[in-house]
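Read off the chains here:
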Amino acid sequence: MPWQRLATRGTVVGMTVPTLTLNNGVTLPALGLGVFQTPPQETRDAVTAALAAGYRHIDTAAAYGNEREVGEAIAAADLDRAEVFVETKIWISDFGHEETLHSFDKSAGKLGVDQIDLLILHQALPSEFEKTLGAYRALEELLADGKVRAIGVSNFMVEHLTQLLDRTDVVPAVNQIEVHPFFQQREVQDVGREHGILTQAWSPIGGITHYRDSGHASALTDPTIVGIGEAHGKSAAQVMLRWGLQQGRQVIPKSTKPERIAQNIDVFDFELTADELAAIDALETGQRGGPAPEQVTLEAFGRDIPEA
Ligand code: A2P
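Here is what the cut-offs are and how they apply
- Residues numbered from 1 in each chain as written.
- Predicted model: local features only at pLDDT ≥ 70, side-chain atom pairs only at ≥ 80, totals over all residues.
- Heavy atoms only, no water.
- Near = heavy atom within 4 Å.
- Polar contact = N/O pair within 3.5 Å; in protein donor to acceptor, adjacent residues only side chain to side chain.
- Areas by Shrake-Rupley, 256 points an atom, 1.4 Å probe, with all protein chains shown as cover.
- Helix = DSSP H or I, 4+ residues; strand = E, 2+ residues; numbered from the N terminus.
- Nonpolar A, V, L, I, M, F, W, Y, C, P; charged D, E, K, R; others polar.
- Pairing = 2+ DSSP bridges.
- Contact = heavy atoms within 4.5 Å.
- Axes fitted to C-alpha atoms, helices over the stretch in contact; angles between N-to-C directions.
- Phe/Tyr/Trp six-rings, centres within 6.5 Å; stacked < 30°, edge-to-face > 60°.
- Buried < 20%, exposed > 50% of the residue type's maximum accessible area, 1.4 Å probe, protein only.
- Lys NZ or Arg CZ within 6 Å of the ring centre and 35° of its normal.
- pLDDT = per-residue confidence, 0-100.
- Core = buried A, V, L, I, M, F, W, Y, C linked by side-chain atoms within 4.5 Å.

Draft legend 1. Layout of the site of the ligand. If you check the shell around the ligand, you find 18 residues, and the closest are Ser 203, Lys 254, Ser 255, Lys 257 and Arg 260. Within the backbone of Gly 206, an N or O atom sits 3.2 Å from an oxygen atom of the ligand. The separation between a nitrogen atom of the ligand and a polar side-chain atom of Asn 264 is 2.9 Å. Against a free-state accessible area of 580 Å², the protein chains account for coverage of 89% of the ligand. Counting only elements with at least two residues in the shell around the ligand, the list comes to α7 (207-211) and α10 (258-265). Top element by residues in the shell around the ligand is α7. It accounts for four residues. Looking at side-chain class alone, the shell around the ligand contains seven nonpolar, eight polar and three charged residues.

See the structure below:
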């Protein structure tokens, strides 16, 4: 896939990223910056480094506690608002029709934007699915009102997607789920694809496997992935991102380090072979790094999302 330097109206330059088109015609870059686990005090610098490197999609969440800093970095960059695709997520404590409408106001206020490009539900609440539906219907309303450009979900399993599709009107544009070589969720991805729902891969380089320090091997040191990288003169992280992109996923690697942020976007000048993709597919372990979506409850995971 060719790439070129990106010229913008200001001093910000970097690589161009190909775009993907969502099921409602809205486009977004195929690769963005994730800021899960990025402390607020490091977020501004990380987002600034990403924008300078050419990233034009930032994925945050009300529950990350860093929306304000994401917004400040975007505002400080020499870019038009329309050049940066901003995504955030409604936390489960704000589910319900009125609560979710209000949660949009909280997030938009912290981000300093009038319109959010992509607003998604962070998790399903399986034991209180009516509340999940109420929250999603509020997203549908925000979409109809032009307050958001696209809506979607995150960490939805097949049964959650099926119930949602049965009982609401707007097919989600995305389902953001954990996907890396050690945990690939192929069935959820397939069901999404059948309905035109883009899979966004969170932890696309398997970072969740080392955050938890649970004795799992890190995908970053896996010999198969490292070996494929050596054949292309690329790092393990770059190989995993390429694997995700070539399989049609949108990828949102997280880093706070400018050199890694730059490395992670430098993935548009090489191509993995079918055999290399298959070798990475074969690394599935069946072990999830994040919390089991079926077990997410307000009791266990509820937390107040501040007004400002
Ligand atoms: P750091 O923020 O210190 O760079 P994921 O997005 O899959 O969850 O991965 C994020 C994790 O991987 C973070 O711990 C991040 O640490 C680390 N990381 C991000 N990019 C790279 C890279 N290119 N090489 C090595 N580690 C990376």
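That was the structure; now back to the text.
Draft legend 2. Broad picture of the sheet that holds strand β7 (residues 85-90). One open sheet accounts for eight strands, arranged β5-β6-β7-β8-β9-β10-β11-β12; its pairing is parallel. Among the strands making up the open sheet, the edge pair consists of β5 (33-34) and β12 (250-251). Inspection of the sheet shows strand β10 (residues 174-178) paired to strand β11 (residues 198-202) by five bridges, in the parallel sense. Pairing of Glu 178 across the sheet is with Trp 202, part of β11. Helix-sheet contacts for helix α4 (residues 129-144) involve β7, β8 (116-121) and β9 (148-154), and the interaxial angle to β9 is about 160 degrees.

Draft legend 3. Representation of the packing of aromatic side chains within the structure. Here the structure, examined in full by the defined rule, presents three aromatic pairs. Look at Phe 36 and Tyr 64: their rings are 5.5 Å apart centre to centre, the planes differ by 45 degrees, and that puts the pair in the tilted class. Of the two residues, Phe 36 is situated in the loop between β5 and α1 (40-53) and Tyr 64 in the loop between β6 (57-59) and α2 (67-76); the sequence distance between them amounts to 28 residues. The class of Phe 36 is partly exposed, set by a relative accessible area of 31%. Judged by its relative accessible area of 16%, Tyr 64 falls in the buried class. Judged by centre distance (6.5 Å) and plane angle (55 degrees), the ring pair of Phe 129 and Phe 156 falls under tilted. Of the two residues, Phe 129 is situated in helix α4 and Phe 156 in the loop between β9 and α5 (158-167); the sequence distance between them amounts to 27 residues. Take Phe 129 and Phe 156: they sit in the same class, and that class is buried. In this structure, Arg 242 packs its charged tip against the face of Phe 270, placed 5.8 Å from the ring centre. Looking at Arg 249, its charged tip hangs above the ring of Trp 243, at a distance of 4.5 Å from the centre.

Draft legend 4. Representation of the confidence of the model for the protein within the structure. Residues with a pLDDT of 70 or more make up 94% of the protein, whose mean pLDDT is 93. Here residues 1-12 is modelled with pLDDT under 50, and outside its nearest four sequence neighbours on either side it reaches 34 contacts, counting other chains as well.

Draft legend 5. Highlighting the nonpolar core. Leu 31, Val 47, Ile 58 and Leu 121 are the most contacted members of the largest nonpolar core, which has 82 residues in total. With residues near it in sequence (within four places) discarded, Val 47 still touches Leu 33, Val 35, Ile 58, Val 70, Ala 73 and Ile 74. The next biggest cluster of nonpolar side chains, apart from the first, holds 10 residues, and it includes Leu 22, Leu 28, Phe 85 and Leu 198.

Draft legend 6. Representation of the environment of Glu 99 in the model. Relative to the elements of secondary structure, Glu 99 occurs in helix α3 (residues 97-111). Put simply, Glu 99 and Asp 59 are 40 residues apart on the chain and 21 Å apart in space, counted from C-alpha to C-alpha.

Draft legend 7. Layout of helix α9 (residues 236-246). Among the 11 residues that make up α9, 10 are buried, leaving the element largely enclosed by the rest of the structure. The set of residues buried in α9 consists of Ala 236, Ala 237, Gln 238, Val 239, Met 240, Leu 241, Arg 242, Trp 243, Gly 244 and Leu 245. Trailing α9 by a residue or two, Gly 248 shows a phi angle of about 90 degrees, which is positive.

Draft legend 8. Spatial organisation of unusual backbone geometry. Positive phi is not limited to glycine here, since Asn 155 has a value of about 60 degrees. Mapped onto the secondary structure, Asn 155 falls in the loop between β9 and α5. Backbone geometry places Ser 203, a non-glycine residue, at a positive phi of 55 degrees. Within the secondary structure, Ser 203 sits in the loop between β11 and α7. Under the relative-accessibility criterion, Ser 203 is labelled buried at 11%.

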